[in-house]
Each structure stands twice: as structure tokens, then as C-alpha cells.
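Chains, contacts and geometry: an overview
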Amino acid sequence: MLLTSGLSFLGGLAFLPLLAVSGVLKGLLAISWTALCGFEWLALRQGYAGSGVMRITAGGHVERQSPDGSWQPARLCAGSAVLARVAWLRIAGPGERPYAELVGARSHSSEDWRRLQVIWRHIGGA
């Protein structure tokens, strides 16, 4: 996940020289892009540090396990995508910024994975 964010950061910076704007504006855009990516990296770090295993309950609620072993409620946020063997989930705990989690094919045989796909189809991917 951090690699993906790093690549998008570098891609954004590589795009800036192609813009037909002044050098000062390019510099301001580079600083702004760096700040935005920094906030995203901070959200990722906090999200990963505060969670472990994730589960989807029968009622469609998402829970994640904290480092002390207790289960905390979480929510799926806009920008999530669920496909047949992979899901890009934007998750937020109570009072936290959303962070993204890539869930791969190795977990597609679990009940939680099937439940997530059914819920996702039911809500229309909203």
C-alpha cells in the first residue's frame, strides 16, 4: 500500500513539469502535492498501526481488531471497490481518517469475503 502511495506521489511530481504554468506556480503545486501526500501517508500509518484483522458481520457491519485484541467498529468509505478476487477497501474507525487496504485473492474463500461481495452487490457499490 505504501508503495502504491509512493508511486502516485512520484507520478504527480513527474507530471508537474508538463503543465503550461509559471515556475512559481509549479513550485506551489509541488509543495501542495507533497503536503497532501504527507497527510495521506499519515492516515495510512495511523490506520495500519491501529488495526489488525478485519471482519464483516452478518448484519453488514465492518469491525477491525485493535492491537490489544478487542474489536472496534469501522465503516467502509466511498472510493472502495470490490472485484471477484481483489478488493480495495477504504476503511475508517470512529473519529479517524479513512485509510485504504488492499484485500487479495487469498482471502476470497472465507465467509467474510463472500459476505462482503453480497453486501457490495446489494448496496450497488456505494
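From a predicted model like this one, the values you see are computed outputs, not experimental measurements.

Looking now at the overall build of the protein. When helices and strands are counted, the protein shows 3 helices and 6 strands. Scored against the burial criterion, the 126 residues of the protein give a buried share of 24%. Considering only residue pairs separated by 6 or more positions, the protein has 37% of its internal contacts joining residues 24 or more positions apart.

Taken together, the side chains of Val21, Val24, Leu25, Leu28, Leu29 and Ile31 make up a nonpolar region of the molecular surface, amounting to roughly 520 Å² of accessible area. Position of Ile31 among the secondary structure elements: in helix H2 (residues 23-49).

Here we take up the nonpolar core. Membership of the largest hydrophobic core is limited to 12 residues, which are Ile56, Val62, Ala74, Val82, Ala87, Leu89, Ile91, Tyr99, Val103, Trp113, Leu116 and Trp120. Where this core is concerned, the elements lending two or more residues are strand S5 (87-92), strand S6 (99-103) and helix H3 (111-123).

Moving on to the environment of Trp113. Note on placement: Trp113 falls in helix H3. Each C-alpha atom, one on Trp113 and one on Val82, is 9.8 Å from the other, the two residues being 31 residues apart in sequence.

A separate point is the confidence of the model for the protein. On average, residues of the protein score 76 in pLDDT, and 79% of them are at 70 or above. Confidence, expressed as mean pLDDT per element, reaches its minimum in the protein at helix H1 (residues 2-15) with 69 and its maximum at strand S3 (residues 71-76) with 84.

Moving on, we come to the pairing of S3. Pairing of strand S2 (residues 62-65) with S3 involves 4 bridges; the strand directions are antiparallel. By the bridge assignment for S3, Val62 is matched with Ala74. What sits between S2 and S3 in their antiparallel hairpin is a turn of 5 residues, with Gly69 showing a positive phi close to 95°. Across 2 bridges, the pairing between S3 and S5 is antiparallel.

This next bit is on the pairing of S6. Looking at chain direction, S5 and S6 are connected through 5 bridges and run antiparallel. Its bridge partner lying in S6, Arg90 is registered against Ala100. Joining the antiparallel neighbours S5 and S6 is a turn of 6 residues, in which Gly95 adopts a positive phi near 75°.

Along the polypeptide, Arg75 turns up in strand S3. On the accessibility criterion, Arg75 (48% relative accessible area) is partly exposed. Spatially, the C-alpha atom of Arg75 lies 7.8 Å from that of Glu63, the residues being 12 residues apart in sequence. Residues in contact with Arg75, not counting those within four places in the same chain, are Arg90, Ile91 and Ala92.

Scoring rules and cut-offs
- Residues numbered from 1 in each chain as written.
- Predicted model: local features only at pLDDT ≥ 70, side-chain atom pairs only at ≥ 80, totals over all residues.
- Heavy atoms only, no water.
- Helix = DSSP H or I, 4+ residues; strand = E, 2+ residues; numbered from the N terminus.
- Buried < 20%, exposed > 50% of the residue type's maximum accessible area, 1.4 Å probe, protein only.
- Contact = heavy atoms within 4.5 Å.
- Patch = residues over 30% accessible without salt bridge, like charges linked within 9 Å, V, L, I, M, F, W, Y side chains within 5 Å.
- Areas by Shrake-Rupley, 256 points an atom, 1.4 Å probe, with all protein chains shown as cover.
- Salt bridge = Lys/Arg side-chain N within 4 Å of Asp/Glu carboxyl O.
- Core = buried A, V, L, I, M, F, W, Y, C linked by side-chain atoms within 4.5 Å.
- pLDDT = per-residue confidence, 0-100.
- Pairing = 2+ DSSP bridges.

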